[in-house]
Structures are given as structure tokens and as C-alpha cells.
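# Breakdown of the fold
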Amino acid sequence: MAATPRKKSPVRRKSTSASRFSWAKVLIWGFVLLFTAGVVLHYRDALLYYFSFKSKHSLQEDKVAEARIFQILQKYPDRCVGLDVSEYQGSIDWEAVDSLEGRPIRFVFVRATCGSDRKDAQFETNWKGAKKYIRGAYHYYRPDENSLEQARKFIATVLLQPGDLPPVLDIEQLPENQSMERLKMGLQKWLDAVEKHYRRKPIIYSGQRFYEDFLKEEFSAYTFWVANYNFFAETLQSEWLFWQFSEKGRVEGIPEKVDVNLYNGTPKMLEYLVHP
């Protein structure tokens, strides 16, 4: 009887998809490690300061953000440091608010109004408390609401006094129900109405991308307060009047994180900016 031929065992091959998946993980983790190493190297002095000498911060989050604040303040020792606050900072003990990383706080911007119908819940308290500094008020602009109604709301809420900073228009959002050209027309109406009332040219606040894409050219007659929190951004641009470089400041007397700003000038120069 003839022997039954034996079946050959199939040769098992490694899954190419599994191989690709493994290499993808290697590449991802390699990128993460390189990125982390770059951050540590970039902020080595600031991180060393925090972890070696600021043990009380050792359990707090956002260490890189805190290190960045420290490093930027070290880079600009002659620039004025300031804050901007709203109801999101909670109930502020203004008597305790004094400095950040040993640098005196020189100015404070206070949110006054939002859109055409809303006043910041903490405006009166914060406006009064910020009087110990050079202070300013800002309006959060809602793109799809009437611009003149928004201007009237701000004017009815804010009484600027001698020593106060110019009014500020905060525009961050793209419109949903109108074109960018219509938005720019609305912004100009707000600016004109507010300037006519206070006899002060307003400052415009926005994020760097929004500023560069939509505001820098069309509103070149105005001064700008620009936000950029990118931890690789460490240069105060010459055309920026103010730079909001972090939203994660920790200040005695303020229960929540707070925005940190630099004025592009000395304390003496800041005095020339205020309302006469």
C-alpha cells in the first residue's frame, strides 16, 4: 500500500501590517522623546530653578508653562509686567496681589463687557481693585452681534479716569453669519464710536494668527495687544504694544490661573500711554 504523502505545513509569514504598526510606534515614541528632550534642553535653567529651589511648586501642574514664564521674565528685565482678569479668575484678593516671580505688577486689564448685552460679573470689584495699578478695560467682541450696540454697552459700563489705559477691543472669533468684510466693518464702527466717546484711540487685542491674517494690514492705524502662548515663542515683537505670552500665571491673591503680559516699554513709557 502506497504511503500517503504528507502535507507540507504552511510557512507563516510576519504580518506586514503588524510590522508597519511596530515601526509607527517606534517613530512616534522617538518623536515624543526628542520633543521632550528639546523642551528640557530649551528650558533647562528655568526648570532647574523650579525643581531645585521652588519645592512648593513640585506638585503643581504645567511645569513647562511656569518655567517659560520665568524664562521670558528673565529675558526682558526692563519691560513692564501686567495681568488681565475677568470673572474666570474668581474672587480676587486685590490687597494680596503684588508681584509675579519677584517682578512688580505694573498694569492690569479688566474685562468689562461681552457682546451687546453682558457685563462681566466681577467688573466692578476688579475695576476698583485694579486702581492700585495702571488699569485698563476691555470689551469681548461677538462677531455676529450689532457692533454699535456692543460699543454702547461698553461705554455705559466703563468710566475711564485720568491715569487709565486706552479702551481695548478684544476680537478672537471668526463670524458664523457674515463675511469677514462685514466683520471688519463692524469692528471699525465699534472703534470709531468708542474713540469718539473717550477721545482715546482704542487698542486692539487678538491672537497672533488672527492679527496677522485679518487685522495687521486693515487696522494698521491702531496699536495691538497680541496673544501667543507657544512655548517656542520668546520674542516680544517690535510692533506689539503688549504681548500676552501665557494664560497660566500663578499670582498670590488670585485663586485661578491668570493671563500674563509684557508691555513693550519701560515703566516711564507706560505712564505716557495713560489717559491724561
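Model, not experiment: these values are computed from the prediction. (Residues numbered from 1 in each chain as written. Predicted model: local features only at pLDDT ≥ 70, side-chain atom pairs only at ≥ 80, totals over all residues. Heavy atoms only, no water.)

### Considerations on the overall build of the chain
For clarity, the cut-off: Every helix listed is a DSSP run of H or I at least four residues long, and every strand listed is a run of E at least two residues long, numbered separately from the N terminus. Summary of the burial criterion: residues with accessible area below 20% of their type's maximum are buried, those above 50% are exposed, and those between are partly exposed, where the area comes from a 1.4 Å probe applied to protein chains only. We call two residues in contact whenever any of their non-hydrogen atoms come within 4.5 Å of each other. Residue exposure ignores everything except the shown protein chains as possible cover, and the areas themselves are Shrake-Rupley values with a 1.4 Å probe.
If you tally the helices and strands in the chain, you get eight helices and 10 strands. Each of the 276 residues in the chain was classed as buried or not, and the buried ones make up 46%. Intrachain contacts of the chain at a sequence separation of at least 6 include 69% that bridge at least 24 residues. With the model as given, the accessible surface of the chain reaches about 15900 Å², and the carbon-plus-sulfur share is 54%.

### Here's the deal with unusual backbone geometry
Positioned with a positive phi, E101 is a non-glycine residue whose angle comes to about 55°. By the secondary structure assignment, E101 is in the loop between β2 (99–100) and β3 (103–114). One non-glycine residue, R199, lies in positive phi territory at about 60°. By secondary structure assignment, the location of R199 is in the loop between α6 (180–198) and β7 (203–207).

### A word on the packing of aromatic side chains
Convention followed: Put simply, two rings from Phe, Tyr or Trp (the six-membered ring, in Trp's case) pair if the centres are within 6.5 Å, and we call them stacked under 30 degrees between planes, edge-to-face over 60, tilted for the rest. Placement of a positive charge over a ring is assigned whenever Lys NZ or Arg CZ falls within 6 Å of the ring centre and within 35 degrees of the normal to the ring plane.
Counted by the stated rule, this structure contains 17 aromatic pairs. On the basis of an interplanar angle of 65° and a centroid distance of 6.3 Å, the ring pair of W225 and F242 is categorised as edge-to-face. Taken together, the residues span a long stretch of sequence, with W225 in strand β8 (residues 223–227) and F242 in strand β9 (residues 240–249) at a distance of 17 residues. Overall, the relative accessible area of 2% leaves W225 in the buried class. Three or more aromatic residues joined by ring pairs make a cluster, and in this case those are F107, F109, Y138, Y205, W225, F242 and Y263. The ring of W127 has R135 sitting right over it, with the charged end atom 3.9 Å from the ring centre. When the ring centre of Y222 is taken as origin, the NZ or CZ atom of K201, which lies over that ring, is 4.4 Å away.

### Remarks on helix α3 (residues 63–75)
In plain terms, the rule: By definition here, a helix of n residues has an expected span of 1.5 Å times n minus one.
Taking 1.5 Å of rise per residue, the 13 residues of α3 would be expected to cover 18 Å, and the 18 Å separating its terminal C-alpha atoms lies within 8% of that figure. The buried count for α3 comes to 10 of 13 residues, which makes it a mostly enclosed element. Those residues of α3 not exposed but buried are K63, A65, E66, A67, R68, I69, F70, Q71, I72 and L73.

### Quick word on the pattern of salt bridges
Our working definition: We define a salt bridge as a contact between a side-chain nitrogen of Lys or Arg and a carboxyl oxygen of Asp or Glu at a distance within 4 Å.
What the rule picks out here adds up to 14 salt bridges. The shortest N-O distance in the salt bridge between E87 and R118 comes to 2.6 Å. Residue E87 is found in the loop between β1 (80–85) and β2, and its partner R118 is found in strand β4 (residues 118–119); the two are separated by 31 residues along the sequence. Here R118 falls in the partly exposed class, since its relative accessible area comes to 29%. Its salt-bridge partner being K201, residue E195 comes within 3.7 Å of it at the nearest N-O pair. When its relative accessible area of 26% is taken as the criterion, E195 is described as partly exposed. Each of E87, R111, R118 and D120 takes part in one network of salt bridges that share partners.

### Some words on the nonpolar core
The cut-off we apply is this: By nonpolar core we mean a set of buried residues, namely Ala, Val, Leu, Ile, Met, Phe, Trp, Tyr and Cys, connected to one another through side-chain atoms within 4.5 Å.
Of all hydrophobic cores here, the largest spans 51 residues; its most connected members are V97, V158, W243 and L262. Among the elements that take part in this core, α6 stands out by supplying six residues, more than any other. Within the second largest apolar cluster, 17 residues are counted, among which are C80, Y138, V168 and F242.

### Brief notes about the pairing of β9
What counts is decided by this rule: A pair of strands is treated as paired once DSSP finds two or more bridges between them.
Counting buried positions over the 10 residues of β9 gives eight, a clear majority of the element. Strand direction decides the pairing type here: β8 and β9, joined by four bridges, are parallel. When the bridges of β9 are listed, F224 appears paired with W240. Judged from the five bridges that link them, β9 and strand β10 (residues 258–263) form a sheet pairing that is antiparallel. By the bridge assignment, S246 is partnered in β10 with V260.

### A few points about the confidence of the model for the chain
As a reminder, the rule being used: Note on scores: pLDDT gives the predictor's confidence for each residue, bounded by 0 and 100.
Chain-level pLDDT for the chain is 86 on average; 79% of the residues reach the 70-or-more range. The model gives residues 47–60 a pLDDT under 50, and that stretch makes 22 contacts with residues more than four places away or in other chains.

### As for the environment of D259
For D259, the position within the fold is in strand β10. For D259 and Q89, which are 170 residues apart along the polypeptide, the C-alpha to C-alpha distance reads 9.6 Å. For D259, the residues in contact, after removing those within four places along its chain, are G82, L83, D84, Y229, Q244, S246 and E247.

### Here we look at the packing of α6 against helix α7 (residues 208–215)
Selection rule: Axis definition: a line fitted to C-alpha atoms, limited for helices to the stretch in contact. Angles are taken between N-to-C directions and run from 0 to 180 degrees. Oblique is the label for any angle not under 35 degrees, not over 145, and not in the 65 to 115 range, which are roughly parallel, roughly antiparallel and roughly perpendicular in turn.
Orientation of α6 relative to α7, taken along the N-to-C sense of each, is 100°, at an axis distance of 12 Å. In terms of their interaxial angle, α6 and α7 are classed as roughly perpendicular. Contacts between α6 and α7 involve M180, L183, K184 and L187 on the former and, on the latter, F210, F214 and L215.

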